[in-house]
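So you can see what is in the structure, the chains are spelled out below.
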Amino acid sequence: EAGVVQSPRYKIIEKKQPVAFWCNPISGHNTLYWYRQNLGQGPELLIRYENEEAVDDSQLPKDRFSAERLKGVDSTLKIQPAELGDSAVYLCASSSTGTNTEAFFGQGTRLTVV
Amino acid sequence: AQKITQTQPGMFVQEKEAVTLDCTYDTSDQSYGLFWYKQPSSGEMIFLIYQGSYDEQNATEGRYSLNFQKARKSANLVISASQLGDSAMYFCAMREWDFGNEKLTFGTGTRLTIIP
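The rules behind the values
- For every chain, the first residue of its written sequence is number 1, and the numbers climb from 1 along that sequence.
- Chain letters start at A and ligand numbers start at 1, both assigned in the order the entries are written.
- Given that this is a predicted model, residues contribute local features only at a pLDDT of at least 70 and side-chain atom pairs are listed and counted only at 80 or more, while totals for whole chains, interfaces and linings are drawn from all residues.
- With hydrogens and water excluded, all non-hydrogen atoms of the structure serve as input to the side-chain values.
- The contact definition used throughout considers only heavy atoms, calling two residues in contact when any of these lie within 4.5 Å.
- Joining two parts hides part of their accessible area as seen by a 1.4 Å probe, and the buried area is that hidden amount summed over both.
- Salt bridges are counted wherever a side-chain nitrogen of Lys or Arg sits within 4 Å of a carboxyl oxygen of Asp or Glu.
- What qualifies as a polar contact is a pair of N or O atoms within 3.5 Å, subject to a donor-acceptor requirement within protein and to the restriction that residues adjacent in sequence count only when both atoms come from side chains.
- For helices the rule is a DSSP run of H or I covering at least 4 residues; for strands it is a run of E covering at least 2, with both sets numbered from the N terminus onward.
- Note on residue categories: nonpolar means Ala, Val, Leu, Ile, Met, Phe, Trp, Tyr, Cys or Pro, charged means Asp, Glu, Lys or Arg, and polar means any other residue, Gly included.
- Throughout, exposure labels follow a simple rule: accessible area from a 1.4 Å probe, protein chains only, divided by the maximum for the residue type, with under 20% read as buried, over 50% as exposed, and the rest as partly exposed.
- Should DSSP find at least two bridges between two strands, the strands are regarded as paired.
- Each Phe, Tyr or Trp ring (for Trp, its six-membered ring) is paired with any other whose centre lies within 6.5 Å, and the angle between the two planes then decides the class: stacked below 30 degrees, edge-to-face above 60, tilted in between.
- Placement of a charge over a ring requires the Lys NZ or Arg CZ to be within 6 Å of the ring centre, with the centre-to-atom vector within 35 degrees of the ring normal.
- A pair of cysteine sulfur atoms is labelled a disulfide when the two atoms are within 2.5 Å.

A. Looking closely at the interface of chain A and chain B. Contacts between the two partners involve 23 residues from chain A and, on the opposite side, 19 residues from chain B. Across the chain A to chain B interface the summed buried area is about 1700 Å²; carbon plus sulfur atoms make up 47%. The residue Asp56(A) makes a salt bridge to Lys103(B) at a minimum N-O spacing of 3.0 Å. Remark: the boundary between chain A and chain B carries 5 residue pairs in polar contact (both at pLDDT 80 or more). Taken together, the elements giving at least two residues each to the side of chain A that touches chain B come down to strand S4 (31-37), strand S5 (44-50), strand S6 (53-56) and strand S9 (88-95) of chain A. Broken down by element, the residue count for the side of chain A that touches chain B peaks at 3 residues, all from S4(A). A class-by-class count of the residues in the side of chain A that touches chain B yields 7 nonpolar, 11 polar and 5 charged.

See the structure below:
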C-alpha cells in the first residue's frame, strides 16, 4: 500500500512569489493534516481536514495561506505571497478515524524562500 | 502552557545501551492518546508506539516501550539495546479531543545520537 505522497520534495522561490504543495493521503483515510516544521522544532499544525471539511484551521495564517481538499482525497496548500519566514518543511499526514490510529506522514516539502 | 514537553534537546548514548527519552504532557481530558515518532535525517516521520490514556499496560513494540505514568503525566520512550540506526530526532505527541475536534500536538523533540 502506498504511503502519503507529497510533491515537490524541494522548492526554492523568491520572496513575494506564490508556491503550492500537493498531498495524496493514504487511500481511505478521512483525516488529513498539514503541518509546518521549522528547523530544530516539532511539527506545528496548520490545518486539519475531516473528509473535505476544514475542521481546524485556527493556526493557518489566512492572509497568505490557503488550502483545499477537493472530493475529500488530495489536498493542496498554497502560500501567496511567500515571505522569508515561510522557509520550513511542510508535512502532510493522514489517519483513519479512531482513537488509537496513528497519523502517517509524507516525506515533506522543504521550502526555501530567498 | 506547553502541551507536550521534551526536556532533553540532545542525548548521546553508547551503542547497545538502553536509553530513555522523556516526555511530559498537559491535558485536562480523560481520554487522550500518546505517540512517539522517529524522524531520521531524511525527514520522514516514522510512527513508533502508541499509548491510550485508558490502557493499563505499558505499550511495547519490539525494542520500544513506553513508560506511562498517568498520575505524573509522563510518557517516556525506552529504547533497549540501542543501535546506530536509532540516531534521529524523536518526537512525543498527544492526541486529544476538544468539543469533538481532534488535536494532535507535538513536542520540540530530542536528538538522539548513538555512539559506536
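B. Looking closely at the pairing of strand S8 (residues 75-79) of chain A. Residues and elements named next belong to chain A. For S8, the buried fraction is high: 4 of the 5 residues fall into the buried class. Judged from the 5 bridges that link them, strand S3 (residues 19-24) and S8 form a sheet pairing that is antiparallel. Following the sheet pairing, Val19 is matched in S8 by Ile79. Two elements, strand S7 (residues 65-68) and S8, share 4 bridges in a ladder whose sense is antiparallel. Opposite Ser66, over in S8, you have Lys78 as the bridge partner.

C. How the structure looks around unusual backbone geometry. Between Ser7(A) and the following residue, Pro8(A), the backbone shows a cis peptide bond with an omega angle of -10°. Relative to the helices and strands, Pro8(A) is located in the loop between strand S1 (5-7) and strand S2 (10-13). With omega at -5°, the peptide bond leading from Gln80(A) into Pro81(A) counts as cis. Mapped onto the fold, Pro81(A) is located in the loop between S8 and S9. Non-glycine residue Lys71(A) carries a positive phi angle of around 60°. Counting through the fold element by element, Lys71(A) comes out in the loop between S7 and S8. If you check the backbone angles, Lys16(B) has positive phi at about 80° while not being a glycine. Here Lys16(B) is to be found in the loop between strand S2 (10-14) and strand S3 (19-21).

D. Quick look at the packing of aromatic side chains. All told, the structure shown has 12 aromatic pairs over all chains when counted by the stated rule. Look at Phe21(A) and Tyr90(A): their rings are 4.9 Å apart centre to centre, the planes differ by 25°, and that puts the pair in the stacked class. With Phe21(A) in strand S3 and Tyr90(A) in strand S9, this residue pair connects regions lying 69 residues apart in the sequence. Grouping residues by exposure puts Phe21(A) and Tyr90(A) together as buried. Between Tyr25(B) and Tyr32(B), the aromatic rings sit 5.2 Å apart at their centres with planes inclined by 55°, giving tilted as the arrangement. According to the relative accessible area criterion, Tyr32(B) is buried, its value standing at 5%. Within the aromatic cluster, the residues linked to one another by ring pairs are Tyr33(A), Tyr35(A), Phe105(A), Phe35(B), Tyr37(B), Phe47(B), Tyr50(B) and Phe106(B). The lysine or arginine in question, Arg63(B), covers the ring of Tyr64(B), its NZ or CZ lying 5.7 Å from the ring centre.

E. Up close: the state of the cysteines. Evaluation of the coordinates by the stated rule reveals 2 disulfides over all chains. One disulfide bridge connects Cys23(A) with Cys92(A), the sulfur atoms lying 1.9 Å from each other. Torsion about the S-S bond of the Cys23(A) and Cys92(A) cystine: about -70°, corresponding to left-handed handedness. Pair noted here: Cys23(A) is in strand S3 and Cys92(A) is in strand S9, with a separation of 69 residues, a long-range link. The exposure class assigned to Cys23(A) is buried, which follows from its relative accessible area of 0%. Looking at Cys92(A), the relative accessible area reads 0%, which means it is buried. Sulfur-sulfur distance for the disulfide between Cys23(B) and Cys92(B) comes to 2.0 Å. On the sign convention where negative is left-handed, the bridge of Cys23(B) and Cys92(B), at about -65° about the S-S bond, is left-handed. Taken together, the residues Cys23(B) in the loop between S3 and strand S4 (24-25) and Cys92(B) in strand S10 (residues 88-98) connect sequence positions 69 residues apart. Each member of the pair Cys23(B) and Cys92(B) is classed as buried.

It is worth stressing that arrangement in space is one thing and function is another; only the former is reported here.
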